[in-house]
Structures are given as structure tokens and as C-alpha cells.
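An overview of the molecular structure
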Amino acid sequence: MKERERKGEIKEGRKKEGRKEGRKEGRKEGRNFSAAIRKEGRKEGRKEGRKDTLTSIGSFYGGVGGDGASAAAALNQRRHEFSQLFQYYLDKTVPHSPYRWIGTFALAFVYALRVNYLQGFYIVTYGLGIYLLNLLIGFLSPLVDPELEPSDGPLLPTKGSDDFKPFIRRLPEFKFWYAITKAFCIAFIMTFFSLFDVPVFWPILLCYWIVLFVLTMKRQIMHMIKYKYIPFNLGKQKYSGKRPLASGSSPRAD
């Protein structure tokens with residue numbers, strides 16, 4: 001009996017120890033399981049946080065890009081409207097040629113006064129003079145150069161019986177005036193920046209420009225004489241008077 005009791009006590013003790021060990025192992029497993037769950041939760045939280053961060057950054061830069069694109073579109077629209085308005089008023093000045101040229105001469109006079117007052121910017125004035133000379137050559141030259149593209153007939157009539165052929169310029173009068181006016185405006189603005197005030201001996205530049213002008217105009221006049229044209233439209237020549245009677249005609253006798 002005692003042996004049975006001892007064996008029973010031993011079994012109970014072993015069961016208790018097994019239960020304790022099982023509880024410990026279960027607690028460890030539970031801790032490990034909860035730690036694994038926490039770890040997975042952290043990973044998912046990090047992924048969601050990265051997604052939210054990327055979404056917020058994309059929306060921010062997308063908003064900035066959209067604002068930039070809209071601002072650029074608005075600027076282009078304003079620029080287009082201004083160019084249309086400027087072209088509208090510029091086209092209205094086409095028939096008023098005398099007033100246009102009076103304004104250009106006044107601008108040239110103001111520019112000359114400013115250069116004389118500052119006693120500088122001679123290199124700007126020299127460049128302006130070369131550009132104006134180039135424009136003048138284009139204004140006096142025909143649209144089709146006979147030396148490069150010879151035509152079948154003369155550019156202007158040489159006989160009274162020839163048909164009227166108006167002189168067509170390579171540089172029309174309105175473009176000639178607009179280019180001169182724009183050149184004077186740019187040169188006038190350049191006089192406000194000392195960067196363009198290069199020290200030069202202006203009498204040499206003046207003499208060189210005069211020589212260049214004389215040689216260029218001499219070549220242009222020789223070209224006009226050679227191909228018999230005048231760079232101005234004088235209008236169609238009109239002839240008046242009675243037509244002469246035929247040599248063989250005689251009054252009919254009664």
C-alpha cells in the first residue's frame with residue numbers, strides 16, 4: 001500500500017512538474033506569438049506610413065506642378081493678348097506714313113541729344129549706323145535682283161508704249177520704318193547701361209562709316225544705272241495730244 005501511495009505521489013508530482021513546464025512553455029509560445037504579431041503589425045504600419053508619405057509628397061509636388069503649368073499658361077495667354085493688341089495698333093499706323101516718319105525723326109533727335117550729353121556710347125551709335133545702312137540698301141534694292149535672277153524684260157518701262165511696272169522693294173516701306181524705329185529704341189535703352197559704353201576714338205568710326213556709306217551707295221547707283229530702274233514709283237505716265245494723221249490719208253473730194 002505504501003509503495004502504491006508513493007508511486008501515486010510520484011505521479012502527481014511529475015504531473016505537477018509537467019503542468020508547470022507546460023505553463024512555462026505555453027507562456028513562452030504566447031510571448032513569441034505576440035512578439036511575431038507585433039512584428040507583423042510594425043511591418044504593416046511602416047508600409048502604410050511609407051504609402052501615406054509618398055501620397056502626400058506626390059500630391060504636394062503635383063499641386064506645385066499644376067500651379068506652375070497654370071501660371072505658365074496664363075503668362076502665355078497674356079503675352080498673346082498683348083502681341084495681338086500691339087499688332088492691332090501697329091496696323092492702324094500703316095496709312096499714316098508722314099506721322100510715322102515724323103515720330104521716328106523725333107526719336108532719332110532725342111537719341112542724338114542723349115549721346116551728345118553723355119559724350120559716350122559711340123560704339124552703339126556706330127553699330128546703329130551700320131544697321132541703318134543695311135536697311136537702306138534693302139529699301140533701295142528690287143525684290144528680284146537681276147544679277148541673280150535675270151528677268152525677261154526690264155523692271156521698269158523704258159518706252160512710252162511699255163506697260164507700267166511698279167517697283168517692288170526687297171524691304172517694304174512699312175518694314176523699313178518699323179526696323180529703324182525699333183533700332184533707335186533699342187539703342188536708346190542701351191545708353192542706360194554703362195556696359196555698352198566702350199571707350200573708342202569716335203572720329204575714326206565716323207570716317208569709316210562715311211567711306212562705307214559712299215562706297216555702298218556708289219555700288220547701288222551703278223546697279224540702278226546698269227539695269228535701268230528707279231527705286232521709286234512715280235506713277236503711270238500719261239500721254240495727251242491728238243494722234244497724228246496717217247501719211248496716206250487725204251480728205252474726200254466732194
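Residues numbered from 1 in each chain as written. Predicted model: local features only at pLDDT ≥ 70, side-chain atom pairs only at ≥ 80, totals over all residues. Heavy atoms only, no water.

Now for the UniProt feature "transmembrane region" (unreviewed entry) in the protein. Per the UniProt record, the feature "transmembrane region" (unreviewed entry) sits at residues 99-117, 123-144, 176-194 and 200-217. Taken end to end, residues 123-144 comprises 82% helix and 0% strand; its first and last C-alpha atoms sit 34 Å apart. (UniProt positions renumbered as here; feature names shortened; annotations may be inferred. Helix = DSSP H or I, 4+ residues; strand = E, 2+ residues; numbered from the N terminus.)

Moving on, we get to the nonpolar core. Tyr111, Leu128, Leu135, Phe176, Ile180 and Phe184 are the most contacted members of the largest nonpolar core, which totals 24 residues. The set of elements that each furnish at least two residues to this core consists of helix H2 (97-118), helix H3 (122-140) and helix H4 (173-190). With eight residues, the single largest contributor to this core is H4. In this structure leucine 128 touches Tyr111, Ala183, Phe184 and Ala187, once residues within four positions along its chain are discounted. (Core = buried A, V, L, I, M, F, W, Y, C linked by side-chain atoms within 4.5 Å. Buried < 20%, exposed > 50% of the residue type's maximum accessible area, 1.4 Å probe, protein only. Contact = heavy atoms within 4.5 Å.)

Before going further, it helps to examine a nonpolar patch on the surface. On the surface, Ile189, Phe192, Phe193, Leu195 and Phe196 cluster together into a nonpolar patch covering about 540 Å² of accessible area. Note on placement: phenylalanine 192 falls in the loop between H4 and helix H5 (202-227). (Patch = residues over 30% accessible without salt bridge, like charges linked within 9 Å, V, L, I, M, F, W, Y side chains within 5 Å. Areas by Shrake-Rupley, 256 points an atom, 1.4 Å probe, with all protein chains shown as cover. Salt bridge = Lys/Arg side-chain N within 4 Å of Asp/Glu carboxyl O.)

Where H3 contacts H5, the two axes come as close as 10 Å, and the packing angle between them is 5 degrees. Relative to H5, H3 is oriented roughly parallel. Two secondary-structure elements touch here, H3 through Tyr122, Ile123, Tyr126, Gly129, Ile130, Leu133, Leu136, Ile137 and Leu140 and H5 through Trp202, Leu205, Tyr208, Trp209, Leu212, Phe213, Thr216, Met217 and Gln220. Classifying every residue of the contact of H3 with H5 gives 15 nonpolar, three polar and no charged. (Axes fitted to C-alpha atoms, helices over the stretch in contact; angles between N-to-C directions. Parallel < 35°, antiparallel > 145°, perpendicular 65-115°, else oblique. Nonpolar A, V, L, I, M, F, W, Y, C, P; charged D, E, K, R; others polar.)

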